[in-house]
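# Structural features, examined
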Amino acid sequence: MDLKKVLVSDPLAEDGITILKEVAQVDVKTGLSHEELLSIIGDYDALLVRSGTQVEADIIAAGKKLKVIGRAGVGVDNIDVEKATELGVLVINAPGGNTISAAEHTMAMMMALSRNVANACGSLRCGEWKRSKFIGVELYRKKLGVIGFGRIGQEVAVRARAFGMDILAYDPYISSEYIEKQGYTPVTLDQLFAGADFITIHAPKTSATKYLIDADALARMKDGVRIINVARGGLIDEKALYDAIVSGKVAGAALDVFENEPPSDSPLLQLEQVVCTPHLGASTEEAQVKVAVQVAEQFVRLFKGEPVQMAVNAPILPPEAMAEVEPFIPLMTTMGSFFMQFFGGRIKSVEINYSGEVSAHPVAPLTTALLIGLLQVILRSNVNYVNAPPIAKQRGIKIEETTSRNAPIYRNLITVKITTEEGTHSIAGTLFEGSEMRIVQIDNYGIEIVPSRYMVVNRYHDRTGVVGKVGTLLGNNSINIASMQLGRNLERGEALMVLQVDSPISPEIIAELQGDDLMIKSCFIELPL
């Protein structure tokens, strides 16, 4: 094995450096400017960063030898993953290393907020002794609303329950049954807002979660609610939060993250009802060691030619993924992504029937590929062949596989039936000529869809003029239609229209499509093709 050169551009725990030195030449150069990093990255096979280094497209392009970028932590917001993928550079992170630290910091912020710890400490340091000014509230018997019930959200719930809090859990992708089995109360977001005394957010930052808590959401909360955010800046509309605190609607907030960091001009910093820290959720000695060791171990595995477990942008096939089933992998991932983007919902169970020639081969990799497609839409983060099954299990998703040697129409047919809390839907697909993907059924609509990167799916009442209206609207907005497929269940009943388009479509255009009286549902889908 050739000795690799690794550049570490942010402070990293020595335990991680030691592991890397077993297989690589390690250069630690912290505090580099963008220009300095750009000038030297071409000499390295690997780059390891934390949140302090912005790995932009030009840096990746300049890394002519670059094979892997490692993030000692969870979020990869500071790495241009799309550019890395385009250039074949693997991106690795360490998703579990800071879970406990983030959960503990959430509890610390909640307790500091409830007992006025920061203000009382500041007052005492100024020589004051004003006990009555800092009367707080107990956590005991209070209702804690947890938005996002993944690893960190669940660890917070465990600790809050030890304080005697009642947990209201909301996650659009975790079943109520699973939450109930953990001993918590599953709720809708509206129910959480209306019932929680404290609200803590543990969600990724996506276009769907930006300003999840805005002025409208704040208005729906209980008077005197207290809000904690140790997740990501931008989940809360900070101007709306400021107004709500000043008005007395919100009793206080504990913030570890901000939309712009550092938040030097944020008016929230001037409010005594706000407890704030400078993005310290993962800043413990233990977490720094864990994430450093995790990512360093992944580098070692990669350099030795072994499969890695935490690849953000490239799923790793297990050894048992035989050559006969590999052509079906993209189809399964595509069907999972298509289903989740169109139907959504909290998944309770997944039933997959493999019929035809494919049924004679091991189907476990195909089931995992489907889960990857489903879960990547939900989590917007690292889901691969190693972690997809345990993530599904953690979320209480039941998986059932059946096989049949007979496929009446096609040589191979894979039919997926998924039950969510909103109902049951199905999707089926096959391969033409060995590798050409086709989605051939959606619910009871027979249709032959050629998946493409950008698609618009419309379910509508089958009446004259609907197809023309859709085409005209897209044309007026300079959206070119590459192809179109139609399917219907009966004449003048409900129909399905699938359009392949050349560019993304804005939410405003989708809303305009949805506004037609004959349109039941319109959805833009972007597939990872």
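What follows concerns the overall build of the protein chain. Within the protein chain, the regular secondary structure consists of 17 helices and 22 strands. The C-alpha radius of gyration computed for the protein chain amounts to 25 Å, which stays within 12% of the reference 24 Å derived for 529 residues, consistent with globular compactness. Each principal axis of the C-alpha atoms in the protein chain carries an extent, and together these give about 85 × 60 × 45 Å. Looking at the protein chain as a whole, 51% of its 529 residues are labelled buried. At a minimum sequence separation of 6, the contacts of the protein chain that also span at least 24 residues come to 65%. Split by element, the accessible area of the protein chain, about 24000 Å² in all, is 50% carbon and sulfur. Counting 50 positive and 63 negative side-chain charges, the protein chain places the averaged centre of each group 5 Å from the other.

The next point concerns the sheet that holds strand E19 (residues 454–461). Working definition: the strands of a sheet are paired by backbone hydrogen bonds and lie parallel or antiparallel to each other. The strand order E20-E21-E19-E22 describes an open sheet built from four strands, whose pairing is antiparallel. Only two strands of the sheet have a single partner each, and these edge strands are strand E20 (481–488) and strand E22 (519–526). Averaged over all pairs of adjacent strands, the angle between their axes in this sheet comes to 15°, without regard to strand direction. Sheet analysis places E19 next to strand E21 (residues 494–501), joined by eight bridges and oriented antiparallel.

Glancing now at the nonpolar core. Core analysis: the largest hydrophobic core is formed by 50 residues, its most contacted members being Phe338 and Ile414. Ranked by the residues each element gives to this core, the list is headed by helix H14 (residues 364–379), at 10 residues. Each residue touching Phe338, except ones within four places of it in the same chain, is listed here: Ile427, Ile439, Ile442, Ile449, Met455, Val457, Ile525 and Leu527. Membership of the second largest hydrophobic core comes to 32 residues, among which are Ile213, Ala244, Val250 and Phe258.

Attention now moves to the state of the cysteines. Applying the stated criterion across every chain, the model contains zero disulfides. In this structure Cys276 is not part of a disulfide, and its nearest cysteine sulfur, from Cys121, lies 14 Å away.

Sheet architecture is open: five strands sit in the order E2-E1-E3-E4-E5, paired in parallel fashion. Edge positions in the open sheet fall to strand E2 (24–28) and strand E5 (90–93), since each of these has one partner strand only. Strand-to-strand, the axes of this sheet are offset by a mean angle of 20°, without reference to chain direction. Looking at chain direction, strand E4 (residues 68–71) and E5 are connected through four bridges and run parallel. Each bridged residue has a counterpart across the sheet, and for Arg71 the counterpart in E5 is Asn93. Lying over the sheet, helix H1 (residues 14–21) contacts strand E1 (4–8), E2 and strand E3 (46–49), oriented at roughly 145° with respect to E2. With respect to the sheet, helix H12 (residues 285–303) is in contact with E1, E2, E3, E4 and E5, its orientation differing from that of E4 by roughly 160°.

As a further point, take the pattern of salt bridges. What the rule picks out here adds up to 21 salt bridges. Of the charged contacts, one joins Glu128 and Lys130 as a salt bridge, the two residues approaching to 3.6 Å between their closest N and O atoms. Taking the relative accessible area as the measure of exposure, Glu128 reaches 30% and is therefore partly exposed. Taking the relative accessible area as the measure of exposure, Lys130 reaches 40% and is therefore partly exposed. Ionic pairing is found between Lys398 and Glu177, a salt bridge with its closest N-O pair at 3.8 Å. With Lys398 in strand E14 (residues 398–404) and Glu177 in helix H8 (residues 176–181), the pair connects residues that are 221 residues apart, well separated along the chain.

What follows concerns the packing of H1 against H12. Contact geometry of H1 with H12 gives a least axis separation of 7 Å together with a crossing angle of 10°. The orientation of H1 relative to H12 falls into the category roughly parallel. Crossing of H1 over H12 shows right-handed handedness. Counting all contacts with H1, which are made through Asp15, Gly16, Ile19 and Leu20, the residues of H12 involved are Val289, Ala292, Val293, Ala296, Glu297, Phe299 and Val300. Split by residue class, the contact of H1 with H12 holds eight nonpolar, one polar and two charged.

What follows deals with the side chain of Ser114. With respect to the element layout, Ser114 can be found in helix H5 (residues 99–114). For Ser114, the residues in contact, after removing those within four places along its chain, are Gly136, Val137, Leu139 and Phe198.

A word on the packing of helix H16 (residues 466–476) against helix H17 (residues 507–514). It is the contact of H16 with H17, at a shortest axis distance of 11 Å, that shows an interaxial angle of 155°. Between H16 and H17, the angle is such that the two are roughly antiparallel. Both H16 and H17 take part in a crossing whose hand is right-handed. Residues Val470, Leu473 and Leu474 of H16 touch H17, and the partners they reach there are Ile509, Glu512 and Leu513. Of the residues belonging to the contact of H16 with H17, the class tally is five nonpolar, no polar and one charged.

Together, Glu35, Glu36, Glu56 and Asp58 give the surface a local cluster of negative charge. Mapped onto the secondary structure, Glu35 falls in helix H2 (residues 34–40). For Glu35, a relative accessible area of 55% corresponds to the exposed category.

Definitions and cut-offs
- Residues numbered from 1 in each chain as written.
- Predicted model: local features only at pLDDT ≥ 70, side-chain atom pairs only at ≥ 80, totals over all residues.
- Heavy atoms only, no water.
- Helix = DSSP H or I, 4+ residues; strand = E, 2+ residues; numbered from the N terminus.
- Rg over C-alpha atoms; globule rule 2.2 N^0.38 Å.
- Buried < 20%, exposed > 50% of the residue type's maximum accessible area, 1.4 Å probe, protein only.
- Contact = heavy atoms within 4.5 Å.
- Areas by Shrake-Rupley, 256 points an atom, 1.4 Å probe, with all protein chains shown as cover.
- Lys, Arg positive; Asp, Glu negative; His and termini not counted.
- Charge placed at Lys NZ, Arg CZ, Asp CG, Glu CD.
- Pairing = 2+ DSSP bridges.
- Axes fitted to C-alpha atoms, helices over the stretch in contact; angles between N-to-C directions.
- Core = buried A, V, L, I, M, F, W, Y, C linked by side-chain atoms within 4.5 Å.
- Disulfide = S-S within 2.5 Å.
- Salt bridge = Lys/Arg side-chain N within 4 Å of Asp/Glu carboxyl O.
- Parallel < 35°, antiparallel > 145°, perpendicular 65-115°, else oblique.
- Left-handed = near helix turned anticlockwise from the far one by under 90°.
- Nonpolar A, V, L, I, M, F, W, Y, C, P; charged D, E, K, R; others polar.
- Patch = residues over 30% accessible without salt bridge, like charges linked within 9 Å, V, L, I, M, F, W, Y side chains within 5 Å.

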